[in-house]
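Chain and residue survey
Listed here are the chains, written in short residue letters.
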Amino acid sequence: MDGNRLQARPWLPGVELFHADFSGQPFGRHSHDAFAVGAILQGVGGYQCRGGRHALPAGTLSLMNPEEPHTGHAVSPRLVYRMLYVEESRLPALLGRKQLPGGFLELNPADDGSVAAGLERLAVEFERGDALALESELLEVLERVFVLHGGLRAAALSPRDGGVTTFLRDYLEENFAEAVSLDQLAGLVHRHPRHLIEAFRRVYGVPPHTYLLQRRVREAKRLLLGDQSPLDVALALGFYDQAHFSTTFKRFTGVTPGHFRRVART
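The rules behind these values
Residues numbered from 1 in each chain as written. Predicted model: local features only at pLDDT ≥ 70, side-chain atom pairs only at ≥ 80, totals over all residues. Heavy atoms only, no water. Helix = DSSP H or I, 4+ residues; strand = E, 2+ residues; numbered from the N terminus. Buried < 20%, exposed > 50% of the residue type's maximum accessible area, 1.4 Å probe, protein only. Contact = heavy atoms within 4.5 Å. Pairing = 2+ DSSP bridges. Axes fitted to C-alpha atoms, helices over the stretch in contact; angles between N-to-C directions. Parallel < 35°, antiparallel > 145°, perpendicular 65-115°, else oblique. Left-handed = near helix turned anticlockwise from the far one by under 90°. Nonpolar A, V, L, I, M, F, W, Y, C, P; charged D, E, K, R; others polar.

1. Observations concerning the environment of Arg5
- Considering the arrangement of structural elements, one finds Arg5 in strand 1 (residues 5-8).
- Under the relative-accessibility criterion, Arg5 is labelled partly exposed at 38%.
- Taking the C-alpha atoms as reference points, Arg5 and Ala34, 29 residues apart in sequence, are found 18 Å from one another.
- Leave out the neighbours within four places in its chain, and Arg5 touches Leu17, Phe18, His19 and Glu127.

2. Concerning the sheet that holds strand 4 (residues 34-42)
- Strand order in the open sheet formed by five strands is 1-2-9-4-7, with antiparallel pairing between adjacent strands. With partners counted over all chains shown, the strands left at the sheet margins are strand 1 and strand 7 (61-64), one partner each. Sheet twist, expressed as the mean angle between neighbouring strand axes with direction ignored, is 15°.
- For strand 1 and strand 2 (residues 15-22), the ladder comprises four bridges, and the chain directions are antiparallel.

3. A closer look at the packing of helix 3 (residues 131-149) against helix 7 (residues 208-224)
- Two numbers describe how helix 3 lies on helix 7: the axes approach to 9 Å, and their chain directions differ by 150°. Our classification of the angle between helix 3 and helix 7 gives roughly antiparallel. You can see that helix 3 and helix 7 cross each other, and the crossing is left-handed. On the side of helix 3, the interface is formed by Leu132, Ala133, Ser136 and Glu137, while helix 7 contributes Pro208, His209 and Leu212.
- A breakdown of the residues in the contact of helix 3 with helix 7 according to their chemical character gives four nonpolar, two polar and one charged.

4. Comments concerning the sheet that holds strand 8 (residues 70-74)
- A sheet is described by the order of its strands in space; here four strands give the open sequence 3-8-5-6, paired in antiparallel fashion. The open sheet terminates on both sides in strands that have one partner only, identified here as strand 3 (27-30) and strand 6 (52-57). Neighbouring strand axes in the sheet, compared pairwise and without regard to direction, differ in orientation by 20° on average.
- In this structure, strand 3 lies alongside strand 8, joined through two bridges in antiparallel fashion. Bridge pairing in strand 8 places Phe27 opposite Gly72.

5. Things to note about the packing of helix 7 against helix 9 (residues 242-253)
- Following both chains from N to C, one finds helix 7 and helix 9 inclined at 95°, their axes separated by 10 Å at the closest point. Compared by their axis directions, helix 7 and helix 9 come out roughly perpendicular. Here helix 7 contributes Thr210, Leu213, Gln214, Val217, Ala220, Lys221 and Leu224 to the contact with helix 9, which in turn contributes Phe245, Thr248, Phe249, Arg251, Phe252 and Thr253.
- A breakdown of the residues in the contact of helix 7 with helix 9 according to their chemical character gives seven nonpolar, four polar and two charged.

In structure tokens:
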């Protein structure tokens, strides 16, 4: 059994997401030039690393530092896990830090489930390819895992806003149907993406990518009252596909676009 997939995006250099689904021992002794942040989803994973043997059951994390030699195998008949790889050289820019801690002290630390949940959201956005949502989820996962397990001190937020969040809100209101990346938004206001997300969340209660989705749904309601089909509305508003549109619409309204259109037009 081998259902492995490795995903990457050209506008996110040094970042990969690996979906592993296998049996046996496909990985001999090797290392990565990246930090590895993983979650075991099914079965039990096995490593030889740091002079010992380790068994990681489902529901636990797997964390490794760059250039750390290890093997990899399935202790159980089937092993399924999700692993994020981020090159060490990319982390300071992604996290907005000049220096980073030495790395993860434990291969399999106790976790409250938030890192695994973040990886799951990240995997969904890798499939869709929405730059703003994907980059936002990536930064959130990295900040959380390094604060919880990598010795990184949580960043202090600046109390000064300087009109940045109002400018971004107005920009998203006017350009809601356009594809936009987090780096593009940060460049507009000359702020680091992480600072931008936290400042926006503090004022409006949600990060920029969620605000953008809410704005698109609001516009979708108006268009669905006309003659456009749900598919046409989805494509006009920049959704990945009709399924993404339907899921997002229901997330914010409680009903599907088709249901809303039928009831509103009767």
